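# Close look at the chain arrangement
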Amino acid sequence: MINLFQMIFNTESRFTLMESPDSIFSGVLRVLFILGSLMYLIFAGLVIRQVSLMGETVKVPSTGLMKLISLVHFAIAVVVFLIYIMIL
Amino acid sequence: MPEIFDKKDHKQGARKSREKSVKSEPESTGHRRNVDDYSEVMRHEKPHRDRFSWYIPKPIDLAFSTQAEHERLIMVLRQHPATQIKWILLAVALMFMPFLFIFVGFFDFLPDRFYFAGFLGWYLMTIGYMFEAFLKWYYNVYIITDERIIDIDFNSLINRDISAAKTENIEDVTASSSGILAAIFDYGDVRIQTAGEKPQFEFPGIPYPNRMAALINELILEEEREKIEGRVR
């Protein structure tokens with residue numbers, strides 16, 4: 001029933017055989033996207049740590065700005081991860 | 001009989017005051033001369049603030065973690081922006097790549113939601129790549145102080161490498177420049193041979209390599225002068 005609803009809901013979009021909920025390819029792609037975004041989330045977290053480490057080593061006035069950018073980058077990564085879970 | 005003058009006490013007092021003055025001399029006079037006094041290269045340079053610059057003589061608002069209390073920064077260098085052209089061009093290409101895929105219809109077999117997800121992920125990764133490359137450029141600095149040279153490298157996400165060599169250990173300095181861009185923008189490599197633990201330092205793609213080599217040579221001469229004066233004292 002839910003699958004049928006999804007198919008009806010997606011009538012505006014391009015319809016291919018891949019849209020079928022039973023499609024292995026679709027499932028694999030979904031898992032890959034979510035796993036990839038999860039790995040990217042870890043990378044974004046490491047970037048925050050890296051900026052902090054860099055700021056401790058070389059004390060430059062722009063370190064605050066760099067930390068802010070790294071935090072925004074992490075926040076975007078979280079949003080993308082959530083979007084992937086919701087739409088895929 | 002009241003003692004007006006005691007020769008013994010006077011001698012001891014004089015000796016103490018002389019010792020005190022000798023001990024306090026390095027602190028009061030600063031021991032080391034100002035860089036402007038001995039460096040022809042630095043004499044004409046004004047103090048600079050770090051505003052994402054790659055050539056910062058006499059930096060005002062910069063410091064580093066292993067800096068000694070009395071160590072003064074003379075020059076801070078980053079690689080010339082012309083050396084970063086590869087990743088900048090790659091980032092621009094990555095930005096336009098999805099539009100190319102749409103035009104060619106490469107992923108037309110994918111449903112819209114995967115298309116959208118791919119777009120999002122692609123641009124997120126491109127931004128991440130650009131930020132990472134910029135951080136690498138911004139924090140990989142080459143520092144020249146009045147006591148040593150320091151090379152700070154961040155090779156990967158969490159790896160850092162700080163190498164330093166005292167000026168007195170520097171044996172040879174070579175400046176080289178090759179390529180059209182290097183000739184136009186005046187940047188190149190400076191190689192420094194040392195007698196320390198790390199035998200060779202390389203400052204690749206830094207601005208004004210000849211000027212930097214001259215500055216390091218002036219610092220070596222100053223170090224030798226200090227040594228000689230130290231022996232005389």
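What counts and how
Residues numbered from 1 in each chain as written. Chains lettered and ligands numbered in written order. Predicted model: local features only at pLDDT ≥ 70, side-chain atom pairs only at ≥ 80, totals over all residues. Heavy atoms only, no water. Helix = DSSP H or I, 4+ residues; strand = E, 2+ residues; numbered from the N terminus. Buried < 20%, exposed > 50% of the residue type's maximum accessible area, 1.4 Å probe, protein only. Contact = heavy atoms within 4.5 Å. Areas by Shrake-Rupley, 256 points an atom, 1.4 Å probe, with all protein chains shown as cover. Phe/Tyr/Trp six-rings, centres within 6.5 Å; stacked < 30°, edge-to-face > 60°. Lys NZ or Arg CZ within 6 Å of the ring centre and 35° of its normal. Patch = residues over 30% accessible without salt bridge, like charges linked within 9 Å, V, L, I, M, F, W, Y side chains within 5 Å. Salt bridge = Lys/Arg side-chain N within 4 Å of Asp/Glu carboxyl O. pLDDT = per-residue confidence, 0-100. Polar contact = N/O pair within 3.5 Å; in protein donor to acceptor, adjacent residues only side chain to side chain. Pairing = 2+ DSSP bridges. Axes fitted to C-alpha atoms, helices over the stretch in contact; angles between N-to-C directions. Buried area = accessible area lost by both parts, 1.4 Å probe. Nonpolar A, V, L, I, M, F, W, Y, C, P; charged D, E, K, R; others polar.

With that out of the way, let us pick up the overall build of chain B. Assigned secondary structure in chain B consists of 7 helices and 9 strands. In chain B, which comprises 233 residues, the share counted as buried stands at 39%. The contacts of chain B with a sequence gap of at least 6 include a subset with a gap of at least 24, amounting to 53%. For chain B, the accessible surface area stands at approximately 14000 Å², while carbon and sulfur atoms represent 58% of it.

The helix and strand tally for chain A stands at 3 helices and 1 strand. For chain A, with 88 residues in total, the buried portion stands at 38%. Contacts spanning at least 24 positions in sequence make up 55% of the contacts within chain A whose residues lie at least 6 apart. Surface summary for chain A: the accessible area is close to 5400 Å², and the carbon and sulfur share equals 77%.

For any pair of aromatic rings, the description rests on two quantities: the centre-to-centre distance and the angle between the ring planes. Applying the stated rule across the entire model yields 17 aromatic pairs over all chains. Judged by centre distance (5.3 Å) and plane angle (55 degrees), the rings of Tyr-40 of chain A and Phe-43 of chain A are tilted. Of this pair, Tyr-40 of chain A and Phe-43 of chain A both sit in helix H2 (residues 24–57), 3 residues apart, roughly one helical turn. Ring geometry for Tyr-138 of chain B versus Tyr-139 of chain B: centroids 5.1 Å apart, planes at 85 degrees, classification edge-to-face. Judged on exposure class, the residue Tyr-138 of chain B and its partner Tyr-139 of chain B are both buried. Clustering of aromatic rings is evident, with ring pairs tying together Phe-25 of chain A together with Phe-101, Phe-107, Phe-109 and Trp-122 of chain B. The ring of Trp-137 of chain B carries the charged tip of Arg-78 of chain B above its face, separated from the ring centre by 5.7 Å.

Residues and elements named next belong to chain B. Mapped onto the fold, Val-173 is located in strand S7 (residues 170–176). Remark: the alpha-carbon pair of Val-173 and Ile-216, spanning 43 residues in sequence, is separated by 7.6 Å. Not counting the four nearest positions on each side in its chain, Val-173 is found in contact with Val-190, Arg-191, Ile-192, Ala-213, Ile-216, Asn-217 and Ile-220.

A contiguous nonpolar surface patch, about 480 Å² in accessible area, is contributed by Leu-65, Leu-68, Ile-69, Val-72 and Ile-76 of chain A together with Phe-52 of chain B. Locating Phe-52 of chain B in the fold gives a position in the loop between helix H3 (40–43) and strand S1 (55–57).

This part is about the confidence of the model for chain B. Per-chain confidence: chain B averages 85 in pLDDT, with 85% of residues scoring 70 or above. In the model, residues 14–30 of chain B has pLDDT below 50 throughout and makes 2 contacts with residues more than four positions away in sequence or in other chains.

Quick look at the side chain of Thr-63 of chain A now. Along the chain, Thr-63 of chain A turns up in helix H3 (residues 63–87). Polar side-chain contacts of Thr-63 of chain A include one of 3.0 Å to the side chain of Tyr-139 of chain B. Leaving out residues up to four positions away in the same chain, Thr-63 of chain A has contacts with Val-51, Gly-55 and Val-58 of chain A together with Tyr-139 of chain B.

Further remarks concern the sheet that holds strand S4 (residues 142–145) of chain B. Residue and element names in this part refer to chain B. Read across the sheet, 5 strands follow the order S1-S3-S4-S5-S6 without closing on themselves; strand pairing throughout is antiparallel. Every interior strand has two partners, whereas the edge strands, S1 and strand S6 (160–166), have only one. Adjacent strand axes in the sheet meet at a mean angle of 10 degrees when their direction is disregarded. Examined bridge by bridge, S1 and strand S3 (residues 73–77) share 3 bridges and lie antiparallel to one another.

At the interface, 39 residues of chain B touch 40 residues of chain A. Carbon and sulfur atoms supply 71% of the area buried between chain B and chain A, which totals about 3600 Å² over both sides. Joining chain B to chain A, the criterion identifies 0 salt bridges. Applying the counting criterion to the chain B and chain A interface returns 9 residue pairs in polar contact (both at pLDDT 80 or more). Among the elements of the structure, strand S2 (63–64), helix H5 (112–139), strand S5 (148–154) and S6 of chain B are those that each provide at least two residues to the side of chain B that touches chain A. Broken down by element, the residue count for the side of chain B that touches chain A peaks at 19 residues, all from H5 of chain B. A class-by-class count of the residues in the side of chain B that touches chain A yields 25 nonpolar, 5 polar and 9 charged. The pairing of strand S1 (residues 58–59) of chain A with S2 of chain B spans 2 bridges and is classified as antiparallel. By the bridge assignment for S2 of chain B, Lys-59 of chain A is matched with Ala-63 of chain B.

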